[in-house]
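Secondary and tertiary structure notes
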Amino acid sequence: MLPSIIGYYSLILGFICSFFIIFFSIRNFNQVLKLDTKILSFSFLQLTFVVISFLGLVLSFVISDFSNETVFNNSHTAKPLFYKISGTWGNHEGSLLLWLLVLTLFIFLFLLRTKKQSKQYRILTLLFQQIIIIGFFIFLLKTSNPFNYIYPIPSEGLGLNPILQDPALAIHPPILYLGYVGASIIFSAALSATVLNYISKKWASHIKKWVLISWVFLTFGILLGSIWAYYELGWGGFWFWDPVENVSLMPWFALTTLLHCILALERRLILTSWVVVLSIGTFTLSMCGTFLVRSGILNSVHTFANDPERGIFILVFLFSLIFLSIFIFIFFHKPDNKSQINFSWLSKEASILFNNWLMMYFLSVVLIGTVYPIFLDVISSEQISVGPPFYHRLIIPFLIPFLLIMAIGPKLSWISTNIKQKLNLIIFLVISFFLAGFIVVNLNVEFLINTILIGSSFYLFFLTLSDLFRNKLINISQNISHFGFSLLILSILFNNIFSSEIITNMKIGEVYKKDKIEINFQKIEQKKEKNFNSIIGTFNITDSENKSITLKPQLRIFNQPNIITSEADIKTTLFSDKFMVMNVVQNQEYFNIRYQIKPFMIWIWISVIIITLGGLVSFYRKI
Amino acid sequence: MKNKFSILLIVFFTFIFIIFYKGLNNSNIYVPSTQVEKDVPDLKVKLLRSQNEIELKSLFEGNEFYLINIWSSWCGPCREEHPILMNLKNQKNINIIGLNYKDNKANAEKFLRELGNPYYEILEDNNGSKSIELGAYGVPESFLIHQNKIIRKYIGPLNQNLFTEINSLIK
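Each helix and strand in chain A was counted, giving 17 helices and 10 strands. Computed over C-alpha atoms, the radius of gyration of chain A comes to 27 Å, within 12% of the 25 Å expected from 2.2 N^0.38 for 623 residues, which places it in the range of a compact globule. Along the longest, intermediate and shortest principal axes, the C-alpha atoms of chain A span 85 × 80 × 50 Å. Burial statistics for chain A: of 623 residues in total, 47% are counted as buried.

Written out as structure tokens, the structure is:
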């Protein structure tokens with residue numbers, strides 16, 4: 001009761017703070033004085049109110065206050081405390097409140113951390129950010145109030161969707177939002193820098209920190225989502241090209257490209273148009289993602305409840321931001337100084353530029369694959385779904401030049417280059433392709449494309465690895481991330497090529513044999529947990545080398561809401577994952593068993609962590 | 001130059017805005033049944049048992065109703081809906097055609113031996129492309145066809161309610 005009421009009113013108070021901030025900012029903008037401390041105080045006050053409001057919602061979830069509609073819809077008394085708390089942002093209303101919390105937190109930090117920048121720039125950034133914050137306040141209060149009151153008070157809640165009850169997923173949204181919202185700071189800062197003609201090498205090095213931190217969170221957030229899908233959904237893969245996955249990937253492409261442009265801007269004061277457009281693009285793509293996911297316009301497994309009113313609000317808001325940015329870009333943006341643009345095709349700039357275009361190509365492929373079905377549906381009422389083959393066919397071939405440039409680019413110098421270690425580079429290239437050919441020739445896969453792909457990845461892998469040992473600390477962050485990327489592509493390729501699977505129906509006591517693999521279905525047990533009952537199967541698997549392991553996949557029967565989920569059992573080793581799921585078969589005696597061997601699975605996660613680590617190293621070197 | 005460019009940009013984004021706006025109004029997330037009126041696409045399909053290739057359209061005759069059911073032995077919800085299909089098989093006026101989605105033949109056969117075979121004909125879809133061409137999102141999914149037109153589309157497993165709906169449609 002009380003926490004909800006407090007939460008609601010402090011949300012309104014926080015909203016009112018926005019107007020004070022805007023009022024003082026505009027008054028202070030043209031004065032010669034320093035930044036008005038009232039602006040800082042009100043920003044802090046706003047942050048405090050939003051924090052109180054958020055805690056009010058968390059508390060309502062913890063004490064299971066079912067007079068609150070959000071709690072009633074998404075919680076249940078039998079849920080463990082951890083999931084009661086994470087349930088706060090496992091729904092539409094709560095997750096928007098979290099967005100708002102992070103928005104106000106970041107702009108406050110921005111004000112604190114930019115004391116050395118010009119006052120006008122700080123104030124204008126704050127103003128742009130307040131436009132976004134006000135948009136979210138109105139959105140929350142008008143269409144998705146998390147504190148709606150219901151009467152009579154129900155005695156029990158409806159429960160959180162069981163597949164969301166998972167530790168990785170509990171922290172996935174907050175981390176991802178930190179990335180998205182960081183992008184909003186970059187957006188506001190880039191717009192205000194454009195208006196004030198403030199873009200300089202110094203500005204680049206200041207904004208780079210924000211780009212890095214958002215990039216780290218975004219990358220890590222995507223990783224968590226992917227891990228969750230692998231362990232929880234039990235489809236046996238790490239990426240499904242589901243629209244909701246795609247919308248988190250698109251800002252990542254834009255942000256990664258932005259990161260590289262900022263480097264060029266910081267050193268050479270070039271690519272300013274790229275920087276501005278990408279700063280705008282990253283945030284609008286994040287917002288566009290929110291729109292596509294929340295409005296229910298897309299067909300996806302993760303779509304939340306849809307409500308056209310919400311959809312229209314985000315849509316109008318999103319496009320107001322887009323038109324505002326276009327207006328600012330066209331009227332205020334000054335293109336690069338011509339004398340700076342001279343660089344040879346064999347230079348760092350050229351390689352960054354080339355890979356930028358490739359990144360934009362990947363981004364367009366994903367964007368088109370995600371929104372094309374909507375366009376087609378509207379224009380011709382035809383319904384299609386775009387599947388993995390589309391993405392694979394369009395993206396994979398272009399990974400080859402992408403990888404090669406990633407390997408060679410950092411070796412080049414700015415403006416133009418005389419490569420000193422030509423021989424070295426060529427020797428590595430030959431070795432990589434030779435090794436790749438040697439691996440592929442023994443396998444039953446297409447020779448040419450696989451050799452070139454694996455060869456290019458090996459090339460990047462060996463070059464970055466040798467640099468890690470040779471150069472010690474020069475460019476270490478770039479080196480780590482590029483190394484991680486090569487490892488990622490290699491793991492994905494090997495994972496694809498070497499995976500194998502067995503699908504069969506078995507009853508208890510049955511033994512299944514195929515290709516020297518023996519699956520022995522030993523027994524099933526029943527177990528009662530706090531919020532579900534589980535049936536646990538015990539399987540003993542002996543492989544061709546006579547090693548045996550025991551896997552215990554589960555079926556979980558949740559009572560609130562009534563859903564059966566299958567929990568895969570996965571044995572992870574350094575070289576492969578053994579993955580098993582079971583499903584019920586109608587006539588009880590039999591269970592449907594899916595057993596998969598997925599090589600190098602863990603390396604996919606590790607390599608993304610390495611990529612993120614590179615970003616972190618770079619971030620800590622900055623401060 | 002700059003002006004033309006800006007007009008172009010604005011026109012482009014306005015266009016996208018309109019499309020999204022319209023898309024919102026006919027949004028369709030996992031509605032269990034959608035009313036559609038669409039011709040059956042021209043599609044060559046392979047019969048699972050005989051491995052003969054035929055035109056999909058050649059399966060549909062006269063005034064009969066047909067239900068294309070996309071299923072797979074590995075798919076949990078397909079087992080759930082199977083009894084409904086077995087009941088539906090006993091109705092007059094309707095023939096059920098199974099489209100076996102990304103499955104292997106032995107498992108599919110085993111599945112049917114175990115749970116019964118409701119299908120009048122079984123087609124093969126090894127890589128899932130036939131289902132996509134039909135307009136499916138995943139498994140299980142069913143299309144009700146009459147006079148060479150898809151008249152209803154059922155996303156997700158069939159249940160008792162949908163069973164009643166189909167029954168009333170084919171009467």
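As a further point, take the environment of A:Asp36. Residue and element names in this part refer to chain A. Structurally, Asp36 can be placed in the loop between α1 (2-29) and α2 (37-62). A count of 17 C-beta atoms within 10 Å places Asp36 in the partly exposed class. Considered as a pair, Asp36 and Leu196 are 160 residues apart in the sequence and their alpha carbons are 19 Å apart. Leaving out residues up to four positions away in the same chain, Asp36 has contacts with Phe24 and Asn28.

What follows covers the environment of A:Gly159. Tracing the sequence through the fold places A:Gly159 in the loop between α6 (119-143) and α7 (167-195). Along the chain, A:Gly159 and A:Gln129 lie 30 residues apart, while their C-alpha atoms are 35 Å from each other.

What follows concerns the environment of A:Ile606. Structurally, A:Ile606 can be placed in helix α17 (residues 601-622). Taking the C-alpha atoms as reference points, A:Ile606 and A:Ser491, separated by 115 residues in sequence, lie 9.8 Å from one another.

A separate point is the sheet that holds strand β10 (residues 590-599) of chain A. Residue and element names in this part refer to chain A. A sheet is described by the order of its strands in space; here 4 strands give the open sequence β1-β10-β9-β8, paired in antiparallel fashion. Edge strands, defined here as strands with exactly one partner in the open sheet, are β1 (500-507) and β8 (569-572). On average, each strand axis in the sheet is tilted by 15 degrees relative to the strand beside it, whichever way the strands run. Looking at chain direction, strand β9 (residues 576-584) and β10 are connected through 9 bridges and run antiparallel. In the strand pairing of β10, Ser576 is matched with Pro599.

If you look at the biggest cluster of nonpolar residues, it comprises 141 residues, and the most contacted ones within it are A:Leu100, A:Leu103, A:Phe136, A:Ile186 and A:Val275. If one sorts the elements of this core by residue count, helix α8 (residues 201-233) of chain A sits on top with 15 residues. Viewed by domain, this core spans two of them, domain 1 (1-165) and domain 2 (166-330 + 350-403) of chain A, each represented by three or more residues. For A:Leu103, the residues in contact, after removing those within four places along its chain, are A:Ile132, A:Ile133, A:Phe136, A:Val181 and A:Ser184. Formed by 36 residues, the second largest nonpolar core is a distinct cluster that contains B:Leu88, B:Leu115, B:Leu134 and B:Ile150.

Another point: the domain arrangement of chain A. Residue and element names in this part refer to chain A. Along its sequence, chain A is organised into domain 1 (1-165), domain 2 (166-330 + 350-403) and domain 3 (500-602). Relative placement of domain 1 and domain 2: their C-alpha centres are 23 Å apart. Residue-level contacts link 28 residues of domain 1 with 28 residues of domain 2. No other element matches α6, which puts 10 residues into the side of domain 1 that touches domain 2. Of the residues contributing to the side of domain 1 that touches domain 2, the split by class is 16 nonpolar, 12 polar and no charged.

Relative orientation and spacing of two packed helices are given, respectively, by the angle between their axes and the distance between those axes. Residues and elements named next belong to chain A. Between α7 and helix α10 (residues 272-294), the shortest axis-to-axis distance is 8 Å and the interhelical angle comes to 145 degrees. The hand of the α7/α10 crossing is left-handed. Between α7, through Tyr180, Ala183, Ser184, Ile186, Phe187, Ala190 and Thr194, and α10, the contact on the second element is made entirely by Val275, Val276, Ser279, Ile280, Thr282, Phe283 and Ser286.

What follows covers the confidence of the model for chain A. All names here are of chain A. In the predicted model, chain A carries a mean pLDDT of 85, and 93% of its residues have values of at least 70. Model confidence for chain A, summarised as mean pLDDT per element, is weakest for strand β7 (residues 563-567) at 73 and strongest for α2 at 94. Confidence drops under a pLDDT of 50 for residues 301-305, and excluding neighbours within four residues, the segment shows 11 contacts in the predicted structure.

You will see that A:Ser64, though not glycine, has its phi angle at about 50 degrees, which is positive. You can see A:Ser64 is positioned in the loop between α2 and α3 (69-74). By the C-beta count within 10 Å, which is 17 here, A:Ser64 ends up partly exposed. Here B:Gln147, not a glycine, exhibits a phi torsion of approximately 50 degrees, which is positive.

The rules we used
Residues numbered from 1 in each chain as written. Chains lettered and ligands numbered in written order. Predicted model: local features only at pLDDT ≥ 70, side-chain atom pairs only at ≥ 80, totals over all residues. Helix = DSSP H or I, 4+ residues; strand = E, 2+ residues; numbered from the N terminus. Rg over C-alpha atoms; globule rule 2.2 N^0.38 Å. Buried ≥ 20, exposed ≤ 12 C-beta atoms within 10 Å, placed from the backbone. Contact = placed C-beta atoms within 7 Å. Pairing = 2+ DSSP bridges. Axes fitted to C-alpha atoms, helices over the stretch in contact; angles between N-to-C directions. Core = buried A, V, L, I, M, F, W, Y, C linked by C-beta atoms within 7 Å. Domains from an automatic or database assignment. Nonpolar A, V, L, I, M, F, W, Y, C, P; charged D, E, K, R; others polar. Left-handed = near helix turned anticlockwise from the far one by under 90°. pLDDT = per-residue confidence, 0-100.

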